[in-house]
Amino acid sequence: MAFLGLNWRLLLLVSGDIVTRDSFEWLFNIPEIVKASESGGRLKDDMASHKFEQKRGHVTSDVECYMKEYGVTEEEAKVALTKQVDNAWKDINKELLRINTIPRPLLFRVLNLTRVIEVLYKNEDGYTHPSGVVKGFVASVLIRPVPI
Ligand SMILES: *[C@@H]1O[C@H](CO)[C@@H](O)[C@H](O)[C@H]1NC(C)=O
């Protein structure tokens, strides 16, 4: 999931005038909120895509690692990993409340990207297979928006 690495930090930097030198440095030092976003996103991705990726011969995912390390079933591994995702969200929320030196719009970009990942991988791997649920989400935002 390359978009969770450096690429998405670069995307944030396209945020124009809200990115100061301080916030640029803050972002590239990989702050807790970004770590939490990346680890939660990684876990959501692995839980949604590990079966398909095993078929494609990908390297072992978090799900397989957890199963092997703790000798548990896939379902038990997913319960435990979901708790880790929940903890990552708690860390993100804590950081949003704590940080007061970084422009809020930049923090909200991190939050919103994390939200997108949560939606993309909610019940399936919507990033790899966008023609499912994700296609409907995109259409409802860009093609058939609900009038407010
Ligand atoms: C984040 O998402 C909220 C809710 O959709 C939106 O109102 C806000 O403009 C977004 N902020 C940024 C910085 O992307």
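Think of each chain on its own: its residues are numbered from 1, step by step along the sequence as written. Note on the predicted model: pLDDT of at least 70 is required for a residue's local features to be given, and 80 or more for side-chain atom pairs to be given and counted; whole-chain, interface and lining totals, by contrast, use all residues. Each side-chain value is derived from all of the structure's non-hydrogen atoms; neither hydrogens nor water enter the calculation.

1. What about the nonpolar core?
Most often, soluble globular proteins have nonpolar side chains that are buried together.
Move 1: Remark: nonpolar core denotes a set of buried residues (Ala, Val, Leu, Ile, Met, Phe, Trp, Tyr, Cys) joined through side-chain atoms within 4.5 Å. Burial classes follow relative accessibility: with a 1.4 Å probe on protein chains only, a residue under 20% of its type's maximum area counts as buried, one over 50% as exposed, and anything between as partly exposed. With 25 residues, the main nonpolar core has Trp 26, Ile 33, Ile 92 and Leu 107 as its most contacted residues.
Move 2: Each helix is a run of H or I in the DSSP string that is no shorter than four residues. Each strand is a run of E no shorter than two, and both are numbered from the N terminus. Those elements that provide at least two residues to this core are α2 (21–28), α3 (32–55), α4 (62–70), α5 (74–98) and α6 (104–120).
Move 3: Note on contacts: a residue pair qualifies if any of its non-hydrogen atoms lie within 4.5 Å across the two residues. With sequence-adjacent residues up to four places away left out, Trp 26 is seen in contact with Pro 31, Ile 33, Ile 99, Ile 102, Leu 106 and Leu 107.

2. With respect to a nonpolar patch on the surface
Move 1: Residues Val 138, Val 141, Leu 142 and Ile 143 make up a contiguous nonpolar surface patch of roughly 430 Å² in combined accessible area.
Move 2: Assignment of secondary structure puts Val 138 in helix α7 (residues 133–143). Any residue with relative accessible area above 30% and no salt bridge may belong to a patch, with like charges joined within 9 Å and the nonpolar Val, Leu, Ile, Met, Phe, Trp and Tyr side chains within 5 Å. Exposure was quantified through the Shrake-Rupley algorithm and a 1.4 Å probe, taking into account, for residues, occlusion by the shown protein chains and nothing else. Whenever a carboxyl oxygen of Asp or Glu lies within 4 Å of a side-chain nitrogen of Lys or Arg, that contact is scored as a salt bridge.

3. A short note on α4
Move 1: The complete set of buried residues in α4 reads Val 63, Glu 64 and Tyr 66. For α4, the arc enclosing every buried residue in end-on projection is 165 degrees, short of the 170-degree limit, so these residues lie on one face. Turned more than 90 degrees away from the buried face of α4, the exposed residues are Lys 68 and Glu 69.
Move 2: Contacts made by the buried residues of α4 are with α3 and α5.
Move 3: Contacts described as polar in this section are N or O atom pairs within 3.5 Å, which, within protein, must combine one atom able to donate a hydrogen with one able to accept it, while residues neighboring in sequence count only if both atoms come from side chains. One side-chain oxygen of the residue at the start of α4 lies 3.2 Å from the amide nitrogen of Val 63, identifying that residue as Ser 61.
Move 4: Looking at the residues trailing α4, positive phi occurs at Gly 71, about 60 degrees. Working note: the arc is built from the helix axis to C-beta atom directions.

4. Focus: the side chain of Thr 114
Move 1: Residue position: Thr 114 is located in helix α6.
Move 2: Note on Thr 114: relative accessible area 6%, which makes it buried.
Move 3: In this structure Thr 114 touches Ser 37, Trp 89 and Ile 92, once residues within four positions along its chain are discounted.

5. A word on the side chain of Glu 95
Move 1: Summarising the element assignment, Glu 95 is placed in helix α5.
Move 2: Judged by relative accessible area, Glu 95 falls into the buried class, the value being 10%.

Just distances and angles here, no functional claims.
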